[in-house]
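Report on the structure
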Amino acid sequence: DVVVGDTISPAIRLGTEDKCGNTITSDGTRVSVQAVQAESGLFGFLTVSSVGGIASFRNLRVKKSTTVGYRLLFSIGPIQSLSTIFRVENAGMEKMSVSQHPEGAVQGGLLTIQPQVKLTDPYGNEVLTGLDNLVI
């Protein structure tokens, strides 16, 4: 699992092989990566050159949290490979904003519309866990 905004660690390393399964050790094979889920906000160096038959993605990060999971698609031209599913958790609460303002108050009575707040991490992902000590 990964935390939003943190570098995926350890670095993702892919070996490049020919159709017989032999490692292609010549330098410079260009390997690209993209998230299968477009809304992930994957960023970092999305295309790297292999060195000694290994392509290393050292600074990939994701801006959007998910409980369902993401998959990464790696490509060398028309050849593609899909990663296993991994989760991306929010980065922890940074901001609290009022998403619905209270209305309809009369002295001694209840509000007809209750206030609602939204808690988000630094990347705008809604924070729904770890709120045991939150006091409003």
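This text goes with the structure placed above it.
Below, the structure is looked at part by part. Numbers given to residues run from 1 along each chain, matching the order in which its sequence is written. Selection of residues for local features in this predicted model requires a pLDDT of at least 70, selection of side-chain atom pairs for listing and counting requires 80 or more, and totals for whole chains, interfaces and linings are taken over all residues. Hydrogens and waters are ignored; side-chain quantities use all the structure's heavy atoms.

Moving on, we get to the pattern of salt bridges. Pairs may arise between side chains of opposite charge once their charged atoms sit close together. Whenever a carboxyl oxygen of Asp or Glu lies within 4 Å of a side-chain nitrogen of Lys or Arg, that contact is scored as a salt bridge. Across all of its chains, the model carries 2 salt bridges by this definition. Put simply, Arg 87 and Asp 1 hold a salt bridge, and the shortest N to O gap is 3.2 Å. Note that Arg 87 is positioned in strand β11 (residues 86–89) and Asp 1 in the segment before β1 (2–3), a separation of 86 residues in sequence. On the basis of relative accessible area, Asp 1 is assigned to the exposed category, the value being 65%. For Glu 89, the salt bridge goes to Arg 87, with nearest N and O atoms at 2.7 Å. A helix here means a DSSP run of H or I that spans at least four residues, while a strand means a run of E at least two residues long, and both kinds are numbered starting from the N terminus. Summary of the burial criterion: residues with accessible area below 20% of their type's maximum are buried, those above 50% are exposed, and those between are partly exposed, where the area comes from a 1.4 Å probe applied to protein chains only.

Further remarks concern unusual backbone geometry. With an omega dihedral of 0°, the bond running from Ser 9 to Pro 10 counts as a cis peptide bond. With respect to the helices and strands, the residue Pro 10 is situated in the loop between β1 and β2 (12–15).

Another point: the packing of aromatic side chains. For Phe, Tyr and Trp, rings pair up if their centres lie within 6.5 Å, where Trp contributes its six-membered ring, and each pair is then called stacked (planes under 30 degrees apart), edge-to-face (over 60) or tilted (otherwise). Counting across every chain of the model gives 2 aromatic pairs. A centroid spacing of 5.6 Å and a plane angle of 55° characterise the contact between Phe 57 and Phe 74, whose relative ring orientation is tilted. Here Phe 74 lies in strand β9 (residues 72–76) and Phe 57 lies in strand β6 (residues 54–57), a separation of 17 residues in the sequence. On the basis of relative accessibility, which here comes to 1%, the residue Phe 57 falls in the buried class.

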